[in-house]
Amino acid sequence: MSRASLEKSPHDVAAMFDRVARRYDVTNTVLSLSQDRQWRKAVADALQVHAGQTVLDLAAGTGTSSEPFTDAGVHTVPCDFSLGMLRVGRTRRPDMPFVAGDGTRLPFADASFDAVTISFGLRNVVDVDACLRELYRVTKPGGRVVVCEFSRPTWAPFRTVYTEYLMKALPKVATAVSSNPEAYVYLAESIRAWPDQPGLAAKLQDAGWNTVQWRNLSGGIVALHRGIK
Ligand SMILES: C[S@@+](CC[C@H](N)C(=O)[O-])C[C@H]1O[C@@H](n2cnc3c(N)ncnc32)[C@H](O)[C@@H]1O
(Lines give C-alpha, C1' and ligand atoms only; values in the text may rest on other atoms or scores of the structure.)
Protein backbone atom coordinates (compact mmCIF):
# COMPACT_ATOMS: atom_id res chain seq x y z
CA MET A 1 0.00 0.00 0.00
CA SER A 2 1.58 3.30 -1.02
CA ARG A 3 1.56 6.55 0.90
CA ALA A 4 -0.37 8.07 -1.99
CA SER A 5 -3.32 5.72 -1.59
CA LEU A 6 -3.33 6.03 2.22
CA GLU A 7 -3.40 9.79 2.00
CA LYS A 8 -6.80 9.61 0.38
CA SER A 9 -8.57 7.47 2.92
CA PRO A 10 -8.70 7.41 6.72
CA HIS A 11 -10.63 4.16 6.28
CA ASP A 12 -7.59 2.53 4.61
CA VAL A 13 -5.34 3.73 7.44
CA ALA A 14 -7.65 2.20 10.07
CA ALA A 15 -7.91 -1.02 8.05
CA MET A 16 -4.11 -1.26 7.77
CA PHE A 17 -3.77 -1.02 11.56
CA ASP A 18 -6.58 -3.56 12.02
CA ARG A 19 -4.41 -6.00 10.05
CA VAL A 20 -1.18 -5.43 12.00
CA ALA A 21 -2.85 -5.28 15.43
CA ARG A 22 -2.17 -8.88 16.49
CA ARG A 23 1.60 -8.65 16.25
CA TYR A 24 1.94 -4.87 16.53
CA ASP A 25 3.79 -4.68 19.86
CA VAL A 26 6.32 -7.43 19.20
CA THR A 27 7.09 -6.05 15.72
CA ASN A 28 7.67 -2.60 17.18
CA THR A 29 10.14 -3.84 19.76
CA VAL A 30 12.09 -5.84 17.15
CA LEU A 31 12.19 -3.06 14.53
CA SER A 32 13.21 -0.37 17.00
CA LEU A 33 15.92 -2.64 18.45
CA SER A 34 14.13 -2.33 21.82
CA GLN A 35 14.58 1.45 21.91
CA ASP A 36 10.79 1.88 22.12
CA ARG A 37 10.74 1.38 25.92
CA GLN A 38 13.22 4.22 26.42
CA TRP A 39 11.20 6.49 24.07
CA ARG A 40 8.02 5.81 26.04
CA LYS A 41 9.70 6.68 29.31
CA ALA A 42 10.90 9.98 27.79
CA VAL A 43 7.29 10.83 26.79
CA ALA A 44 6.12 10.26 30.35
CA ASP A 45 8.92 12.50 31.69
CA ALA A 46 8.10 15.27 29.18
CA LEU A 47 4.34 15.30 29.82
CA GLN A 48 4.87 15.93 33.55
CA VAL A 49 1.49 14.69 34.77
CA HIS A 50 0.74 13.21 38.14
CA ALA A 51 -1.77 10.93 39.81
CA GLY A 52 -5.26 12.39 39.80
CA GLN A 53 -4.83 14.24 36.49
CA THR A 54 -6.53 13.25 33.24
CA VAL A 55 -4.57 12.54 30.05
CA LEU A 56 -5.66 11.79 26.49
CA ASP A 57 -3.38 9.37 24.64
CA LEU A 58 -4.51 9.79 21.05
CA ALA A 59 -3.77 7.11 18.43
CA ALA A 60 -3.07 4.85 21.40
CA GLY A 61 -3.43 1.68 19.34
CA THR A 62 -3.14 -1.31 21.66
CA GLY A 63 -2.57 1.00 24.61
CA THR A 64 1.18 0.42 25.00
CA SER A 65 1.84 4.17 24.91
CA SER A 66 -0.83 4.73 27.62
CA GLU A 67 0.61 2.22 30.07
CA PRO A 68 3.30 4.39 31.71
CA PHE A 69 0.60 6.94 32.64
CA THR A 70 -2.04 4.46 33.77
CA ASP A 71 0.54 2.59 35.82
CA ALA A 72 1.55 5.87 37.53
CA GLY A 73 -2.05 6.46 38.68
CA VAL A 74 -2.88 9.09 36.02
CA HIS A 75 -6.42 8.75 34.62
CA THR A 76 -5.51 7.97 30.99
CA VAL A 77 -7.93 7.70 28.10
CA PRO A 78 -6.48 5.71 25.18
CA CYS A 79 -8.29 6.73 21.98
CA ASP A 80 -7.88 5.28 18.48
CA PHE A 81 -9.95 4.74 15.34
CA SER A 82 -8.72 1.22 14.53
CA LEU A 83 -11.19 -1.19 16.12
CA GLY A 84 -8.66 -4.01 15.57
CA MET A 85 -6.01 -2.21 17.64
CA LEU A 86 -8.59 -1.32 20.33
CA ARG A 87 -9.72 -4.95 20.53
CA VAL A 88 -6.15 -6.18 21.16
CA GLY A 89 -5.73 -3.36 23.70
CA ARG A 90 -8.89 -4.25 25.60
CA THR A 91 -7.77 -7.88 25.85
CA ARG A 92 -4.29 -6.87 27.03
CA ARG A 93 -5.41 -4.18 29.48
CA PRO A 94 -9.09 -4.57 30.44
CA ASP A 95 -8.52 -1.94 33.16
CA MET A 96 -7.93 0.88 30.63
CA PRO A 97 -10.92 2.94 29.31
CA PHE A 98 -10.32 2.57 25.53
CA VAL A 99 -12.40 4.95 23.39
CA ALA A 100 -13.02 4.71 19.64
CA GLY A 101 -12.51 8.12 18.05
CA ASP A 102 -11.04 9.96 15.09
CA GLY A 103 -8.23 12.38 15.92
CA THR A 104 -9.60 14.95 13.50
CA ARG A 105 -13.04 14.97 15.20
CA LEU A 106 -12.46 14.00 18.81
CA PRO A 107 -15.48 12.78 20.79
CA PHE A 108 -14.61 14.95 23.82
CA ALA A 109 -15.77 18.34 25.09
CA ASP A 110 -13.52 21.43 25.02
CA ALA A 111 -10.91 21.60 27.81
CA SER A 112 -11.47 18.01 29.01
CA PHE A 113 -7.85 17.00 29.65
CA ASP A 114 -4.95 18.24 31.78
CA ALA A 115 -2.56 17.04 29.06
CA VAL A 116 -2.66 15.30 25.68
CA THR A 117 -0.14 13.10 23.93
CA ILE A 118 0.25 11.16 20.71
CA SER A 119 3.02 8.60 20.07
CA PHE A 120 3.86 7.34 16.59
CA GLY A 121 0.34 8.31 15.51
CA LEU A 122 0.35 11.86 14.14
CA ARG A 123 2.30 10.80 11.03
CA ASN A 124 -0.56 8.44 10.21
CA VAL A 125 -3.35 10.97 10.60
CA VAL A 126 -4.65 12.07 7.20
CA ASP A 127 -5.22 15.71 8.25
CA VAL A 128 -2.34 16.51 10.67
CA ASP A 129 -3.26 20.19 11.11
CA ALA A 130 -6.87 19.38 12.00
CA CYS A 131 -5.64 16.82 14.52
CA LEU A 132 -3.29 19.30 16.22
CA ARG A 133 -6.19 21.78 16.46
CA GLU A 134 -8.46 19.12 17.97
CA LEU A 135 -5.80 18.22 20.55
CA TYR A 136 -5.61 21.91 21.42
CA ARG A 137 -9.39 22.20 21.75
CA VAL A 138 -9.73 19.32 24.23
CA THR A 139 -6.81 20.50 26.43
CA LYS A 140 -7.39 22.73 29.46
CA PRO A 141 -5.74 26.18 29.36
CA GLY A 142 -2.19 25.79 30.69
CA GLY A 143 -2.15 22.10 29.73
CA ARG A 144 0.53 20.57 27.55
CA VAL A 145 0.90 18.40 24.50
CA VAL A 146 3.72 15.95 23.82
CA VAL A 147 4.08 14.53 20.32
CA CYS A 148 6.44 11.55 19.99
CA GLU A 149 7.22 10.86 16.36
CA PHE A 150 9.94 9.61 14.05
CA SER A 151 12.07 12.51 12.87
CA ARG A 152 15.33 13.36 11.14
CA PRO A 153 18.65 12.09 12.54
CA THR A 154 20.87 15.09 13.19
CA TRP A 155 24.28 13.61 12.24
CA ALA A 156 24.51 13.40 8.43
CA PRO A 157 26.60 10.15 8.16
CA PHE A 158 24.22 8.39 10.55
CA ARG A 159 21.23 9.78 8.62
CA THR A 160 22.51 8.07 5.46
CA VAL A 161 22.92 4.68 7.19
CA TYR A 162 19.51 5.04 8.84
CA THR A 163 17.77 5.87 5.56
CA GLU A 164 19.32 2.73 4.04
CA TYR A 165 17.99 0.71 7.02
CA LEU A 166 14.53 2.19 6.56
CA MET A 167 14.27 1.56 2.85
CA LYS A 168 16.10 -1.79 2.56
CA ALA A 169 16.42 -3.72 5.83
CA LEU A 170 13.24 -2.71 7.63
CA PRO A 171 10.81 -4.15 5.07
CA LYS A 172 12.83 -7.42 5.09
CA VAL A 173 12.83 -7.70 8.89
CA ALA A 174 9.12 -6.83 8.90
CA THR A 175 8.42 -9.67 6.46
CA ALA A 176 9.87 -12.06 9.03
CA VAL A 177 8.06 -10.77 12.14
CA SER A 178 4.92 -8.85 11.14
CA SER A 179 1.44 -10.11 10.29
CA ASN A 180 1.34 -7.53 7.44
CA PRO A 181 4.78 -6.63 6.02
CA GLU A 182 3.18 -4.20 3.50
CA ALA A 183 2.35 -1.89 6.38
CA TYR A 184 6.05 -1.59 7.16
CA VAL A 185 6.90 -0.51 3.63
CA TYR A 186 4.35 2.23 4.25
CA LEU A 187 6.07 2.93 7.59
CA ALA A 188 9.42 3.51 5.87
CA GLU A 189 7.85 5.74 3.20
CA SER A 190 5.85 7.77 5.68
CA ILE A 191 8.89 8.42 7.90
CA ARG A 192 10.79 9.79 4.90
CA ALA A 193 7.89 12.03 3.90
CA TRP A 194 7.39 13.44 7.43
CA PRO A 195 8.49 17.02 8.34
CA ASP A 196 11.78 17.46 10.22
CA GLN A 197 11.96 18.89 13.77
CA PRO A 198 11.48 22.61 12.90
CA GLY A 199 8.77 21.70 10.37
CA LEU A 200 6.67 19.89 12.97
CA ALA A 201 7.28 22.67 15.53
CA ALA A 202 5.82 25.16 13.02
CA LYS A 203 2.72 23.00 12.59
CA LEU A 204 2.16 22.92 16.36
CA GLN A 205 2.47 26.70 16.52
CA ASP A 206 0.04 27.14 13.63
CA ALA A 207 -2.49 25.04 15.55
CA GLY A 208 -2.24 27.45 18.49
CA TRP A 209 0.29 25.75 20.78
CA ASN A 210 2.74 28.07 22.62
CA THR A 211 6.32 27.66 23.87
CA VAL A 212 6.93 24.86 21.38
CA GLN A 213 10.22 23.02 21.94
CA TRP A 214 11.63 19.67 20.94
CA ARG A 215 14.12 17.13 22.21
CA ASN A 216 15.85 14.52 20.02
CA LEU A 217 16.01 10.89 21.12
CA SER A 218 18.36 8.26 19.67
CA GLY A 219 20.19 10.89 17.63
CA GLY A 220 16.98 12.31 16.14
CA ILE A 221 15.45 9.01 14.96
CA VAL A 222 12.64 10.16 17.23
CA ALA A 223 11.79 13.67 18.42
CA LEU A 224 9.55 14.74 21.29
CA HIS A 225 7.76 18.02 20.61
CA ARG A 226 6.17 19.83 23.51
CA GLY A 227 3.76 22.76 23.59
CA ILE A 228 1.55 24.60 26.07
CA LYS A 229 -2.05 25.82 25.63
C1 LIG B 1 1.87 3.22 14.99
S2 LIG B 1 0.37 3.16 15.89
C3 LIG B 1 0.84 3.86 17.44
C4 LIG B 1 0.16 3.22 18.62
C5 LIG B 1 0.65 3.67 20.00
N6 LIG B 1 0.46 5.10 20.21
C7 LIG B 1 2.08 3.30 20.22
O8 LIG B 1 2.90 4.19 20.50
O9 LIG B 1 2.39 2.10 20.17
C10 LIG B 1 -0.54 4.46 15.12
C11 LIG B 1 -2.01 4.47 15.48
O12 LIG B 1 -2.58 5.67 14.95
C13 LIG B 1 -3.95 5.40 14.75
N14 LIG B 1 -4.54 6.47 13.94
C15 LIG B 1 -4.16 6.90 12.71
N16 LIG B 1 -4.96 7.90 12.29
C17 LIG B 1 -5.85 8.11 13.30
C18 LIG B 1 -6.93 9.03 13.46
N19 LIG B 1 -7.27 9.93 12.51
N20 LIG B 1 -7.64 8.97 14.60
C21 LIG B 1 -7.33 8.08 15.57
N22 LIG B 1 -6.32 7.18 15.48
C23 LIG B 1 -5.59 7.21 14.34
C24 LIG B 1 -3.91 4.03 14.07
O25 LIG B 1 -5.16 3.38 14.10
C26 LIG B 1 -2.83 3.32 14.91
O27 LIG B 1 -3.38 2.55 15.95
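Residue numbers run consecutively from 1 along every chain, following the written order of its sequence. Predicted model: local features are reported for residues with pLDDT of at least 70 only, side-chain atom pairs are reported and counted for 80 or more only, and whole-chain, interface and lining totals are derived from all residues.

Caption draft 1: Quick look at the overall build of the chain. Each helix and strand counted, the chain has 10 helices and 7 strands in total. With C-alpha atoms as the basis for the radius of gyration, the globule rule is written as 2.2 Å multiplied by the number of residues raised to the power 0.38. Its C-alpha atoms give the chain a radius of gyration of 16 Å, within 12% of the compact-globule value 17 Å for 229 residues. The principal-axis extents of the C-alpha atoms in the chain amount to approximately 45 × 40 × 35 Å. A total of 229 residues make up the chain; the buried ones form 41% of that total. This entry defines residue contacts through backbone-placed C-beta atoms, with two residues in contact when those atoms are within 7 Å. Taking the intrachain contacts of the chain between residues at least 6 apart in sequence as the baseline, contacts between residues at least 24 apart amount to 65%. Strands are runs of DSSP state E lasting at least 2 residues, helices are runs of H or I lasting at least 4, and numbering of each runs from the N terminus. Partly exposed residues are those whose C-beta has more than 12 but fewer than 20 other C-beta atoms within 10 Å; 20 or more makes a residue buried and 12 or fewer makes it exposed, with C-beta atoms placed from the backbone.

Caption draft 2: Spatial organisation of the UniProt feature "binding site: S-adenosyl-L-methionine" (unreviewed entry) in the chain. UniProt positions are given in the numbering used here, feature names are shortened, and annotations may be inferred rather than shown by experiment. The UniProt record annotates "binding site: S-adenosyl-L-methionine" (unreviewed entry) at T62, D80, D102, G103 and S119. Residue position: D102 is located in the loop between β3 (99–100) and β4 (113–119). On the basis of neighbour count, D102 is assigned to the partly exposed category, with 19 C-beta atoms found within 10 Å. Leave out the neighbours within four places in its chain, and D102 touches P10 and F81. Among the secondary structure elements, G103 is positioned in the loop between β3 and β4. Exposure remark for G103: the 25 C-beta atoms within 10 Å place this residue in the buried category. Among residues more than four places away in sequence, those in contact with G103 are L58, A59, V125, C131 and E134.

Caption draft 3: Region of the structure containing unusual backbone geometry. Although it is not a glycine, Q48 sits at a positive phi angle of roughly 50°. Positioned with a positive phi, T211 is a non-glycine residue whose angle comes to about 50°. Relative to the helices and strands, T211 resides in strand β6 (residues 210–217). Taking the number of C-beta atoms within 10 Å as the measure of exposure, T211 has 11 and is therefore exposed.

Caption draft 4: Focus on the site of the ligand. In the vicinity of the ligand, 21 residues are found, and the nearest of them are A59, G61, S65, S82 and G103. Ranked by residues supplied to the shell around the ligand, first place goes to helix α2 (residues 10–20) with 4 residues. Classifying every residue of the shell around the ligand gives 10 nonpolar, 9 polar and 2 charged. In this analysis, residues qualify as near a molecule or strand once their C-beta atom, positioned from backbone atoms, comes within 6 Å of it. Polar here means any residue outside two lists: the nonpolar Ala, Val, Leu, Ile, Met, Phe, Trp, Tyr, Cys and Pro, and the charged Asp, Glu, Lys and Arg; Gly therefore counts as polar.

Caption draft 5: Representation of the sheet that holds strand β5 (residues 139–150). Reading across the sheet, the 7 strands line up as β3-β2-β1-β4-β5-β7-β6 and stay open at both edges, with mixed pairing between neighbours. The open sheet terminates on both sides in strands that have one partner only, identified here as β3 and β6. As defined by bridge partners, strand β2 (residues 75–80) adjoins β3 across 2 bridges and the pair is classed as parallel. The residue of β3 that forms the bridge with D80 is A100. Only strands joined by at least two bridges in the DSSP assignment are considered to pair.

Caption draft 6: Spatial organisation of helix α7 (residues 128–138). Three or more residues of α7 are buried, namely C131, L132, E134, L135 and V138. Taken around the axis of α7, the buried residues stretch over an arc of 160°, which confines them to a single face. Contacts from the buried residues of α7 go to β1 (54–58), β4, β5 and α10 (197–206). Working definition: the arc comes from the directions between the helix axis and the C-beta atoms, pointing outward to the latter.

Caption draft 7: Up close: the pairing of β4. β4 sits mainly inside the fold: 7 of its 7 residues count as buried. Sheet analysis places β1 next to β4, joined by 4 bridges and oriented parallel. What sits directly across from D57, in β4, is T117. Handedness is read with the strands pointing away from the viewer; a crossover is right-handed when the path from the first strand over the helix to the second is clockwise. The parallel pair β4 and β5, bridged by α7, forms a crossover whose chirality is right-handed.

Caption draft 8: A look at the packing of helix α8 (residues 156–177) against helix α9 (residues 182–193). Between the N-to-C directions of two axes lies an angle of 0 to 180 degrees, each axis being a line fitted to C-alpha atoms and, for a helix, fitted only over the stretch in contact. Relative to each other, α8 and α9 sit at 155°, their axes nearing to 8 Å. Relative to α9, the element α8 is oriented roughly antiparallel. In this structure, α8 crosses over α9, and the sense of that crossing is right-handed. On α9, the residues touching L166, M167, L170, P171 and A174 of α8 are Y184, V185, A188, I191 and R192. Counted by class, the contact of α8 with α9 contains 9 nonpolar, no polar and 1 charged residues. Roughly parallel here means an angle under 35 degrees, roughly antiparallel means over 145, roughly perpendicular means 65 to 115, and every remaining angle is called oblique. Each crossing is labelled by how the near helix is turned from the far one, with a counterclockwise turn of less than a right angle marking it left-handed and a clockwise turn marking it right-handed.

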